[in-house]
Amino acid sequence: MKDSLKSIERKLPEGMRFYLPEQAEVITSLAKKGREVLKNWGYQSIFVPAMLPYDTVSKGLSDENVRQYYKLVDYRGEILVLRPEMTAAIAERLVGEGKCEEFPGRYQYFAPVYRHETIQSGKKREIYQLGAEFLGANKFADVEILMLAQKVLLNCEVDNYRLEIGHIGFLDQLLNELDISPKKSAEISGALARRDLVSYRQACRQLNSDAADRLMKLLDLRGGCKVLNAAEELMPVRECTSVQQLRKIHRGLKNLGLIEKVSYDLALTRNLDYYSGMVFEIMSPDLGYNICGGGRYDRLIKSLGGEKIPARGFAMGIERLRLVKEKLCLTDNDRQEKILLRCQDLSSLKTSVNIAEDLQELGYAVILENSEKLVGEAAQKKCKMIIEVDNSSEKPFNCWKSSFDREKRAESGSAENSRKFSRAEVIEYVDGIS
Ligand SMILES: N[C@@H](Cc1c[nH]c[nH+]1)C(=O)O
């Protein structure tokens, strides 16, 4: 059995895996909690097709980005891409629908995306993303997005994280003020985007000493809000819009009491080409990579044929969040409790379904079963209660609490401890022990 399981896993493409009920239930519950937060803040659901035309996805992206994507060919020979992320496709669709006039628009989604991540780090290539996009102008939109990313984590009861905020414009301005050639600038930003610090340092060493010095110091601009002062000092001119924008965000988050887990990293870049301003990542010390990423993408809508409209958003890896919870040994408190309903013949079926629906309204999952063996064994470990239905009796429900304690299993699972109930009495009894 184990060997055949191993061989199924071996046959899967790298970075893919099955999620069996134990894990799948946690993923579903975390996604639900996250979606609830977004819904309460007015974020409407949106679905993106799993396969997208190659042209749509590759527009405005570097070759390196496109190389990371899964490509397929359909029956006509058209090249398709398995959605690698949702933001660009959503923006393009909204532009096409003429929705820009109705902005600000708030959208949310939950679905897997596919990328050739380096699996050595433990990353998967099927990433279950919960995302939020805020398109349109609004004074507090950046703060709202950063607040929501944190509120999603809070609602999922994860508070061991760091929110690192940077700004794409800072390096751009620095390279510009230092008069670095476009070719060299691309080399430097590229190395930083890949987090290839060896190439970054090498490229910097080839510049004049002042430029090299400043660009090397950029790597140290990490930490609390004091880093923003140091960043301004590093810029050869006084005016530094990116830092001013980060200060504004800082004031907003501080005002909301959401600054405790925030730090700044002026060398932070994201591995997607559309970002144009503030960018951020949420890191968990329990995982070697980020669980959430996002930022501003003000040029994307225009590049897709719309107007220049500010936009920002994030995507959270819900499976990554599950791993964090697992590493912290945090269980998902929201797991639905089960009641096992034993119905042995057709004459009791309708009564069973009726009582099941009443119990479901109380929040329980109800499992309809007829085998004695199951009722006596596995069910007791997983179900809070067992109810036997016998429609020939006036009080058709025979109920007993099942124990989670293996030692007491025989005793608590025995029908001797059971009591006969009417429909109303069952509900009252179950409600009482909930
Ligand atoms: N789509 C980005 C996250 C994001 C959403 N909005 C802005 N950024 C990603 O997959 O990493």
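Looking at an unreviewed UniProt entry, one finds the protein named ATP phosphoribosyltransferase regulatory subunit and attributed to Halarsenatibacter silvermanii. Reading the Sequence similarities (unreviewed entry) entry of the UniProt record for the protein gives the comment "Belongs to the class-II aminoacyl-tRNA synthetase family. HisZ subfamily." Database annotation for the protein, UniProt heading Subunit (unreviewed entry): "Heteromultimer composed of HisG and HisZ subunits."

**Q** Run through the site of the ligand, naming residues and quoting values.
**A** Near the ligand you find 17 residues, and of these Glu85, Thr87, Arg115, Arg270 and Tyr275 are the closest. Arg270 has a polar side-chain atom sitting 2.7 Å from an oxygen atom of the ligand. The separation between a nitrogen atom of the ligand and a polar main-chain atom of Gly313 is 3.5 Å. For the ligand, the accessible surface in isolation is 300 Å², of which the surrounding protein chains cover 98%. Among the cavities detected, the one that contains the ligand is the largest pocket. Where the shell around the ligand is concerned, the elements lending two or more residues are β6 (126-135), β11 (290-296) and β12 (311-317).

**Q** A description of the pairing of strand β16 (residues 397-401) should follow, citing residues and the corresponding values.
**A** Across the five residues that make up β16, a large majority, four, are buried. Examined bridge by bridge, strand β15 (residues 383-389) and β16 share five bridges and lie antiparallel to one another. Residue Met385 lies in a different strand from β16, and its bridge partner there is Lys401. Relative to strand β17 (residues 419-421), β16 is paired through three bridges, and the arrangement is antiparallel. Bridge pairing links Asn398 to Lys420 in β17.

**Q** Residue-level account of helix α2 (residues 21-40), with values.
**A** Over its 20 residues, α2 runs 28 Å from end to end, which matches the ideal 28 Å to within 8%, given 1.5 Å per residue. Turning to α2, its buried residues number three or more, namely Val26, Ile27, Ser29, Leu30, Ala31, Lys33, Gly34, Val37 and Leu38. Where the residues of α2 are buried, they touch β5 (105-114), β6, α6 (141-155), β12 and α14 (318-327). Backbone geometry just after α2 places Gly42 at a positive phi near 85°.

**Q** I'd like a rundown of the sheet that holds β15, residues and numbers included.
**A** Spatially, the five strands line up as an open sheet ordered β14-β13-β15-β16-β17, and their pairing is mixed. One side of each edge strand has no neighbouring strand; the edge strands of this open sheet are β14 (365-369) and β17. Within this sheet the neighbouring strands show an average axis-to-axis angle of 30°, counted without direction. Packed on one face of the sheet, helix α15 (residues 346-361) meets β13 (338-343), β14, β15 and β16 and runs near 170° to β13.

What counts, and where the lines are drawn
Residues numbered from 1 in each chain as written. Predicted model: local features only at pLDDT ≥ 70, side-chain atom pairs only at ≥ 80, totals over all residues. Heavy atoms only, no water. UniProt positions renumbered as here; feature names shortened; annotations may be inferred. Near = heavy atom within 4 Å. Polar contact = N/O pair within 3.5 Å; in protein donor to acceptor, adjacent residues only side chain to side chain. Areas by Shrake-Rupley, 256 points an atom, 1.4 Å probe, with all protein chains shown as cover. 1 Å grid on protein atoms, 1.4 Å probe; cavity = no way out; pocket = protein on both sides within 12 Å on 5 of 7 lines; lining within 4 Å. Sits in = over half its atoms within 2 Å of the grid points. Helix = DSSP H or I, 4+ residues; strand = E, 2+ residues; numbered from the N terminus. Buried < 20%, exposed > 50% of the residue type's maximum accessible area, 1.4 Å probe, protein only. Pairing = 2+ DSSP bridges. Expected span 1.5 Å × (residues − 1). Contact = heavy atoms within 4.5 Å. Axes fitted to C-alpha atoms, helices over the stretch in contact; angles between N-to-C directions.

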